[in-house]
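This is what each chain is made of:
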Amino acid sequence: MKKEWKWMGLLIVAVMVASTLSGCISEKEETPAPTEAPGKYGGTLVFGSSGDAVRLDPADVTDGESIQRMDNIHEGLVQYDGGTTNIKPCLATDWTVSDDKKTITFNLRKGVKFHHDYGEVTADDVVFSFARQYDENNWYHDKGNWSYWGWMFMDIESVEKINDYKVAIHMKNPNSSMMTSLAMFTVCIVSEDAAKDYGEDYFKNPVGTGPFEFVEWVKDDHITLRAFEDYWDGRAYLDKVIFRVITDPSARLMALQTGEIQGMEHVDPSQLAIIEADADLQLISQAGMNVGYVALNCGEGYVDANKNGKWDAGEEVDVPGAFEPFKDVRVRQAIAYAINKESIVRNLYKGAASVATQGQPSSLFGWNADIVGYPYNLEKAKQLLADAGYPDGFKVTMWYMPVSRPYFPTPTEIAEAIQADLAKVGIEVELFTEDWGAYLGDTEEGEHQACMLGWSGDNGDPDNFLNVLYGEDKATVGSAGNVAFKRNEKFQDLLDAALLTFDQAERAAYYEEANVLLTAQCSHVFIAHSNQNLAFLSTVHGYIIHPTSRKFFYPVWLEE
């Protein structure tokens, strides 16, 4: 029942996004293709998730657990094509880009219906979905934090309704990553009428246009979605998808083996061989577009008082968890040398990862092959600590996440390994964790001294790593992407320059130089880039792994 796409406007888009498309993950041969057998309708797929969603409003989340639910409920103007970060039409059928690359005009698909009888999608809903995030006068603006908007979409100045089925996005500056960013969850289209009905509780009652519609949310247990019968591209094969929370990886695997669930995420690396040896199970793996790191709170934060998305003079504020020793780069580098990343990858990731030397994965353009990072060297670490005035070390609290993530599949064990390594150079680490939603919010506030976090890329562009995670303009206390709270003007200048050019070689050169500065700064200690590993029963077909770790169940079907 899949419809053929009308690729109008593709050549125009290619001019705008050529620099990003060729930088996407190129391991297409590793992406499982959809089954050639015709799909079967019916059945319920129960998917074992490592944690619960935080919110179900696509514009007001930053965590993967929320995103994987919402990706099946909401859609944007464009979407990713299968297992790539190439874009194709979705709620927009085609688009044009102005000569100055500052206006993108979209024609909307007619007849697309919202869930739960909320009517047809029009330009008003598109304008609302964007404007609530950037317009302080929008009636819904005060009901969300809109963190991702501040991280990635500040170049959008306004969204204009041309007529009921045409909108224009006007930008302050050209942005060479914008088209791929528009396929992200942040700018998915929501029903303005539903937002009016539910108000600040919309995040509990999402209304989108996707292949599945929301049914119920039992907190910390499960979220149920059902097939949307009026989906514009044809009904999904599955009747229902249930996201069931099973925090322990061993319990998730046991539930899969007994058939209580049909799929699971974040396979513990120690389970890979077990799954591969079981004829009733299937393992789906791909090199991950991610990075796991320890952020060291340097205390250089600000509040964007004038709402321009930039750090301006006079906007500096105290960061609650700022830790004095981390203000010295020698201390930060000592920590990087003291952590045995090779051992962690070998013993805890079971080799299903690579040691990270810099802030982005090697699959993206801009990765710098000349950077070697900080190999394990206890003597070097001790010397740096002594030079910085800490020959006997110090005590510090490191936060670690309570849920498995693609970049940290076994966070407790990895945290304990880091704790043991740092003890060898006199650094006494106290470990702390809390509820996942609170963890994300508190680290954005800068409450931590050090924290384990990471990132799965959203759009296949280096800007989505380097700017979002490490840019000085993202060290905003309360909505930080840069949770190390470290300012580096030269680094930021390189990132800004990279977005203004559409020449990929030039962009790559900017990012390679930026990675050198970031590595030397060492505000983030990069640990690993892990493989994505998911497991399903052998009776599950059609699942396509995505490099961003997002999870789409539209093409999935079950054998009887």
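Now for a quick tour of the structure. Computed from a predicted model, the values in this text were never measured in an experiment. (Residues numbered from 1 in each chain as written. Predicted model: local features only at pLDDT ≥ 70, side-chain atom pairs only at ≥ 80, totals over all residues. Heavy atoms only, no water.)

This part is about the environment of Ile73. Summarising the element assignment, Ile73 is placed in the loop between helix 2 (64-70) and strand 2 (78-80). A sequence separation of 141 residues divides Ile73 from Phe214, and the C-alpha atoms of the two residues are 6.9 Å apart. Not counting residues up to four positions away in its chain, the partners in contact with Ile73 are His115, Pro206, Gly208, Thr209, Gly210, Phe212, Phe214 and Leu225. (Helix = DSSP H or I, 4+ residues; strand = E, 2+ residues; numbered from the N terminus. Contact = heavy atoms within 4.5 Å.)

Turn by turn, an α-helix covers 3.6 residues, leaving residues three or four places apart pointing in a common direction. In this model, helix 12 (residues 411-423) (13 residues) spans 18 Å end to end at C-alpha, consistent with the 18 Å of a helix rising 1.5 Å per residue. Turning to helix 12, its buried residues are Pro411, Ile414, Ala415, Ile418, Asp421 and Leu422. The buried residues of helix 12 occupy an angular sector of 125° when projected down its axis, which confines them to one face. (Expected span 1.5 Å × (residues − 1). Buried < 20%, exposed > 50% of the residue type's maximum accessible area, 1.4 Å probe, protein only. Arc of directions from axis to C-beta.)

The next point concerns the pattern of salt bridges. Pairing between side chains becomes possible if they bear opposite charge and their charged atoms approach one another. This model, assessed by the stated rule, comprises 27 salt bridges. In this structure, the salt-bridge partner of Asp81 is Lys88, at a minimum N-O distance of 3.8 Å. Looking at Lys88, the relative accessible area reads 13%, which means it is buried. A salt bridge links Asp201 to Lys204; its shortest N-O distance comes to 3.7 Å. (Salt bridge = Lys/Arg side-chain N within 4 Å of Asp/Glu carboxyl O.)

Turning our attention to the sheet that holds strand 6 (residues 156-163). The strand order 4-5-7-6 describes an open sheet built from four strands, whose pairing is antiparallel. Edge positions in the open sheet fall to strand 4 (92-97) and strand 6, since each of these has one partner strand only. Averaged over all pairs of adjacent strands, the angle between strand axes in this sheet comes to 20°, irrespective of strand direction. Against the sheet, helix 3 (residues 123-134) engages strand 5 (103-108), strand 6 and strand 7 (166-171), with an angle of about 165° to strand 6. (Pairing = 2+ DSSP bridges. Axes fitted to C-alpha atoms, helices over the stretch in contact; angles between N-to-C directions.)

Glancing now at the side chain of Asn368. Relative to the helices and strands, Asn368 resides in the loop between strand 16 (353-355) and helix 11 (378-387). Classification of Asn368 by relative accessible area gives buried; the value is 8%. A distance of 3.1 Å separates the side chain of Asn368 from the backbone oxygen of Glu512, its partner in a polar contact. With residues up to four places along the chain from it excluded, the contact list for Asn368 reads Gln358, Glu512, Asn515 and Val516. (Polar contact = N/O pair within 3.5 Å; in protein donor to acceptor, adjacent residues only side chain to side chain.)

Now for the state of the cysteines. Summed over the entire model, instances satisfying the criterion amount to zero disulfides. Looking at Cys90, it has no disulfide partner, and the nearest cysteine sulfur is the one in Cys188, 8.0 Å off. Residue class for Cys90 comes out buried when judged on its relative accessible area of 1%. (Disulfide = S-S within 2.5 Å.)

The tally for this structure, following the rule as stated, stands at 34 aromatic pairs. Arranged with centres 6.3 Å apart and planes meeting at 45°, the rings of Tyr140 and Trp146 form a pair that is tilted. Judged on exposure class, the residue Tyr140 and its partner Trp146 are both buried. Between Phe536 and Tyr543, the ring centres sit 4.9 Å apart and the planes meet at 40°, which makes this aromatic pair tilted. As far as the burial class goes, Phe536 and Tyr543 line up, both buried. Members of the aromatic cluster, connected to one another through ring pairs, are Phe47, Phe243, Phe536, Tyr543 and Phe553. Taking the ring centre of Phe203 as reference, the NZ or CZ of Arg55 above it sits at 3.9 Å. When the ring centre of Trp311 is taken as origin, the NZ or CZ atom of Arg487, which lies over that ring, is 4.4 Å away. (Phe/Tyr/Trp six-rings, centres within 6.5 Å; stacked < 30°, edge-to-face > 60°. Lys NZ or Arg CZ within 6 Å of the ring centre and 35° of its normal.)

Secondary-structure assignment places Ala508 in helix 16 (residues 504-521). Judged by relative accessible area, which is 12%, Ala508 ranks as buried. Sequence separation between Ala508 and Ala498 is ten residues, and the spatial gap between their C-alpha atoms is 7.9 Å. If near-sequence neighbours (up to four positions away) are discounted, Ala508 is found in contact with Phe365 and Gly366.

So, about the side chain of Asp125. Of note, Asp125 is situated in helix 3. A distance of 3.1 Å separates the side chain of Asp125 from the backbone nitrogen of Glu192, its partner in a polar contact. Apart from residues no more than four positions distant in its own chain, Asp125 is found in contact with Phe114, Glu120, Ile189, Val190, Ser191 and Glu192.

Attention shifts here to the packing of helix 14 (residues 463-470) against helix 15 (residues 489-499). The geometry of helix 14 relative to helix 15 is characterised by a closest axis approach of 11 Å and an angle of 145° between their N-to-C directions. Viewed along their axes, helix 14 and helix 15 form a crossing whose handedness is left-handed. Listed contacts from helix 15 to Asp463, Leu466, Asn467 and Tyr470 of helix 14 are Phe491, Gln492, Leu495 and Leu499. For the contact of helix 14 with helix 15, the per-class residue count stands at five nonpolar, two polar and one charged. (Left-handed = near helix turned anticlockwise from the far one by under 90°. Nonpolar A, V, L, I, M, F, W, Y, C, P; charged D, E, K, R; others polar.)

Counting 173 residues, the largest nonpolar core has Phe106, Phe130, Leu182, Ile418, Met452 and Phe553 as the members making the most contacts within it. Broken down by element, the residue count for this core peaks at eight residues, all from strand 20 (residues 524-537). Apart from the residues within four sequence positions on either side, Leu182 is in contact with Val78, Ile104, Phe106, Phe130, Phe153, Ile169 and Val187. (Core = buried A, V, L, I, M, F, W, Y, C linked by side-chain atoms within 4.5 Å.)

As a packed pair, helix 14 and helix 16 sit with axes 11 Å apart at the nearest point and diverge in direction by 40°. Here helix 14 is positioned oblique relative to helix 16, judged by the angle of their axes. In this structure, helix 14 meets helix 16 at a crossing whose hand is left-handed. On helix 16, the residues touching Asp463, Leu466 and Tyr470 of helix 14 are Arg507, Tyr511, Ala514, Asn515 and Leu518. Taken together, the residues of the contact of helix 14 with helix 16 break down into five nonpolar, one polar and two charged. (Parallel < 35°, antiparallel > 145°, perpendicular 65-115°, else oblique.)

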